[in-house]
Amino acid sequence: MVDNTDDVYMTLSQCWSTPRRVSMSLPAKATRDGVLEKRSGGLLQLWKKKRCVLTDEGIRLRGCKGGAADAPCAAWGSRAKELLFERMVTVDCVEYKRGLVYFTVVMATGKEVDFRCPQDGTAWNAEIALALVRYKNRQAVQTGRKRQLSAGNLEGGGEDEDL
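Residues numbered from 1 in each chain as written. Predicted model: local features only at pLDDT ≥ 70, side-chain atom pairs only at ≥ 80, totals over all residues. Heavy atoms only, no water.

To continue, consider unusual backbone geometry. Non-glycine residue Gln45 carries a positive phi angle of around 50 degrees. Locating Gln45 in the fold gives a position in the loop between strand 3 (30-39) and strand 4 (47-55). Exposure remark for Gln45: the relative accessible area of 41% places this residue in the partly exposed category. The phi torsion at Arg98 lies on the positive side, around 50 degrees, for a residue other than glycine. Turning to its location among the elements, Arg98 is positioned in the loop between strand 7 (88-97) and strand 8 (100-107). (Helix = DSSP H or I, 4+ residues; strand = E, 2+ residues; numbered from the N terminus. Buried < 20%, exposed > 50% of the residue type's maximum accessible area, 1.4 Å probe, protein only.)

Written as structure tokens, this is what we have:
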């Protein structure tokens, strides 16, 4: 990865033990953009509004600054956190209560990140799960192509030795 001055330092303490630098010079295509509530990892486990951008590579979250819990966000925080599909395992634990959808994103490390959103329209959990499946399928196709190419190169190299 080329180090760029536009790089943003992004961490999510619940999902990674080490911080990760993500280059923002090539923005990923946004599939969906909106507001989700994320349960904090603190002692009280409060629900905090986050601006969520779903991309082909993962989910970007930005905090909401100011305003009451029920009020729309006055401003968005500048620090973004990212949950990458390469580190996600599944979207789990879907519950429907009082007009809200509660769901959990399970990471490869075993950490769980809880979210909730209104039931109106297409639920975020479905969008995230479909994007995760698309990502995993794309990775599987790329792996298969690499194996085919490497197997073809090995077979081709053996013919040259016979001459």
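Read on, since the account is not over.
On to the pairing of strand 8. In terms of burial, strand 8 is a largely internal element, eight of the eight residues being buried. The side-chain alternation of strand 8 yields two buried faces, one formed by Leu100, Tyr102, Thr104 and Val106 and the other by Val101, Phe103, Val105 and Met107. What sits between strand 7 and strand 8 in their antiparallel hairpin is a turn of two residues, with Arg98 showing a positive phi close to 50 degrees. What sits between the antiparallel neighbours strand 8 and strand 9 (residues 112-118) is a turn of four residues, in which Gly110 has the positive phi angle 95 degrees. (Pairing = 2+ DSSP bridges.)

What follows deals with the pairing of strand 7. When strand 7 meets strand 8, the two strands line up antiparallel, connected through seven bridges. The residue of strand 8 that forms the bridge with Tyr96 is Val101.

What follows covers the state of the cysteines. In protein structure, a disulfide is the covalent linkage between the sulfur atoms of two cysteines. Summed over the entire model, instances satisfying the criterion amount to zero disulfides. Cys52 forms no disulfide, and the closest cysteine sulfur to it belongs to Cys117, at a distance of 9.4 Å. On the basis of relative accessibility, which here comes to 1%, the residue Cys117 falls in the buried class. (Disulfide = S-S within 2.5 Å.)

The tally for this structure, following the rule as stated, stands at three aromatic pairs. Arranged with centres 5.7 Å apart and planes meeting at 70 degrees, the rings of Trp47 and Tyr102 form a pair that is edge-to-face. Taken together, the positions of Trp47 in strand 4 and Tyr102 in strand 8 put the pair 55 residues apart, joining distant regions of the chain. A residue is classified by how much of its surface remains accessible, and Trp47, at 22% relative accessible area, is partly exposed. In this arrangement the basic side chain of Arg32 is found over the ring face of Trp124, its NZ or CZ atom lying 4.4 Å from the centre. (Phe/Tyr/Trp six-rings, centres within 6.5 Å; stacked < 30°, edge-to-face > 60°. Lys NZ or Arg CZ within 6 Å of the ring centre and 35° of its normal.)

Any functional reading would require information that these geometric values do not contain.
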